[in-house]
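# Notes for the structure review
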Amino acid sequence: MSGAVSSALPSSAAPLARAGNTGVSRRVLPGFHLTLGYSVLYLSLIVLIPLSALVFKTFTMNWEHFWVAVTAPRVMASYRLTFGASLIAALVNLVFGLLVAWVLVRYKFPGKRIVDALVDLPFALPTAVAGISLTALLAGNGWVGQFLEPMGIKLAFTPAGVVIALIFIGLPFVVRTVQPVLEDTEKELEEAATSLGATRLQTFTKVILPSIMPALLTGFAMAFARAIGEYGSVIFIAGNMPMISEITPLIIIGKLEQYDYAGATAVALVMLVISFVLLLVINGLQGWQRRRSGASS
């Protein structure tokens, strides 16, 4: 019987069977050392060398000058606006991004493909174009602003305008992170919870939310990190008034225009450290999500 089976196998399958039996695995890419060396070289040229130049330039300052540069009142005000507006925008996107993902996954309606494509618009649209569009829309003579300003609601050239711009650019991160997880969620669990007498709120909080929570947190962290470094869509709608609506990236640009390279790199180093910590948080959340998915499967 074994001879008949082996003779029935194609000639090309025999070497593969022998390779599988001997524990030899064929790799599509070249060897480990070559690919690792290329990866390290590429990361060094694109990422590590520019960032190390930033750190080395900051080291030309002593500690006292560095502390004065990163804690000046105008810089501290930009920190409060940048991180505060980014946090508010990420929290808003956490809620409404989940709603948008839920509608796209659970409902069928005319124009669904168009709505799904519009979610990715902030990815494709240049940030400067987004800022100009929001400014034209929300300014005192804009389509929306002309009705809001008589009621005392001013959005353009205020911190509220910064939050709106950051919501616009951060929404896709939450939607695209949560959407595939919702698609993989087993609806049988929801049906079982309903058959056992659970209300809709209980089904959502006890069944659905725990399964999508890692993806929600990942999307929130990505939207928050993206908002911290946003520049193009914010400078047009912020008004850039010192101590009021001036973001930290604009502070860095201003120092560069004044040839204060050390001061610019000092503020940039603070942003770099915070962004690196956020990346660690994002990677940790993604690892948690993978472990949960592996345990549930």
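Residues numbered from 1 in each chain as written. Predicted model: local features only at pLDDT ≥ 70, side-chain atom pairs only at ≥ 80, totals over all residues. Heavy atoms only, no water.

On to helix α12 (residues 200-228), then. Here α12 spans only 36 Å end to end across 29 residues, well under the 42 Å set by a 1.5 Å rise per residue. At Leu209, α12 is bent by approximately 60 degrees, the largest bend along its length, and proline Pro210 sits one to four residues beyond. (Helix = DSSP H or I, 4+ residues; strand = E, 2+ residues; numbered from the N terminus. Expected span 1.5 Å × (residues − 1). Bend = angle between axes of the 7 residues up to and from the residue.)

Looking now at the environment of Thr135. Position of Thr135 relative to the elements: it lies in helix α8 (residues 127-138). In this structure Thr135 comes out as buried when scored by relative accessible area, which is 13%. Distance from Thr135 to Val234, taken between C-alpha atoms, is 9.4 Å for residues 99 residues apart in sequence. Residues in contact with Thr135, not counting those within four places in the same chain, are Phe157, Phe236 and Ile237. (Buried < 20%, exposed > 50% of the residue type's maximum accessible area, 1.4 Å probe, protein only. Contact = heavy atoms within 4.5 Å.)

This part takes up the confidence of the model for the chain. Per-residue confidence for the chain gives a mean pLDDT of 82, with 87% of residues at or over 70. Across the chain, the element-wise mean pLDDT spans from 44 in helix α1 (residues 2-8) up to 92 in helix α5 (residues 73-106). With pLDDT under 50 throughout, residues 1-20 is counted as low confidence; its partners more than four residues away or in other chains account for one contact. (pLDDT = per-residue confidence, 0-100.)

Okay, the packing of aromatic side chains next. With the rule as written, the count across this model stands at seven aromatic pairs. A centroid spacing of 6.3 Å and a plane angle of 25 degrees characterise the contact between Tyr38 and Tyr42, whose relative ring orientation is stacked. With Tyr38 and Tyr42 both in helix α3 (residues 32-58), this residue pair falls four residues apart, about one helical turn. For the pair Phe220 and Phe224, a centre-to-centre distance of 6.3 Å together with 5 degrees between the ring planes defines the contact as stacked. Linking Phe220 with Phe224, this pair stays in helix α12, spanning four residues, or about one helical turn. Note on accessibility: Phe220 and Phe224 belong to one class, buried. The structure contains a cluster of three or more aromatic residues connected by ring pairs, namely Trp63, Phe66 and Trp67. Residue placement shows Arg106 over the ring face of Trp102; its charged tip is 4.5 Å from the ring centre. (Phe/Tyr/Trp six-rings, centres within 6.5 Å; stacked < 30°, edge-to-face > 60°. Lys NZ or Arg CZ within 6 Å of the ring centre and 35° of its normal.)

The subject of this paragraph is unusual backbone geometry. Phi at Phe157 is positive, roughly 65 degrees, even though this residue is not glycine. The exposure class of Phe157 is partly exposed, given its relative accessible area of 32%. With phi around 70 degrees, Met243 is a residue other than glycine that occupies positive phi space. When you line up the elements, Met243 lands in the loop between α13 (232-238) and α14 (248-257).

Extensive coverage of α14 is indicated by the burial of seven of its 10 residues. Three or more residues of α14 are buried, namely Thr248, Pro249, Leu250, Ile251, Ile252, Gly254 and Lys255. Where α14 ends, the next residue or the one after it, Tyr259, has phi of about 65 degrees, a positive value.

If you walk through the whole model with that rule in mind, you get five salt bridges. For the salt bridge of Arg226 with Glu230, the shortest nitrogen-to-oxygen distance reads 2.4 Å. A residue is classified by how much of its surface remains accessible, and Arg226, at 28% relative accessible area, is partly exposed. On the basis of relative accessibility, which here comes to 3%, the residue Glu230 falls in the buried class. (Salt bridge = Lys/Arg side-chain N within 4 Å of Asp/Glu carboxyl O.)

Quick look at the environment of Ala165 now. Within the secondary structure layout, Ala165 lies in helix α10 (residues 159-184). Expressed as a C-alpha distance, the spacing of Ala165 and Thr127, which sit 38 residues apart in the sequence, is 9.4 Å.

Right, let's talk about the nonpolar core for a bit. In globular proteins that are soluble, nonpolar side chains generally tend to be buried together. Judged by nonpolar contacts, the single largest core of 22 residues is most densely connected at Tyr79, Phe83, Phe224, Ile228, Ile252 and Ala266. In terms of residue count, helix α15 (residues 261-296) provides more of this core than any other element does, eight residues in total. Apart from the residues within four sequence positions on either side, Ala266 is in contact with Thr58, Met61, Phe66, Ala69 and Val70. (Core = buried A, V, L, I, M, F, W, Y, C linked by side-chain atoms within 4.5 Å.)

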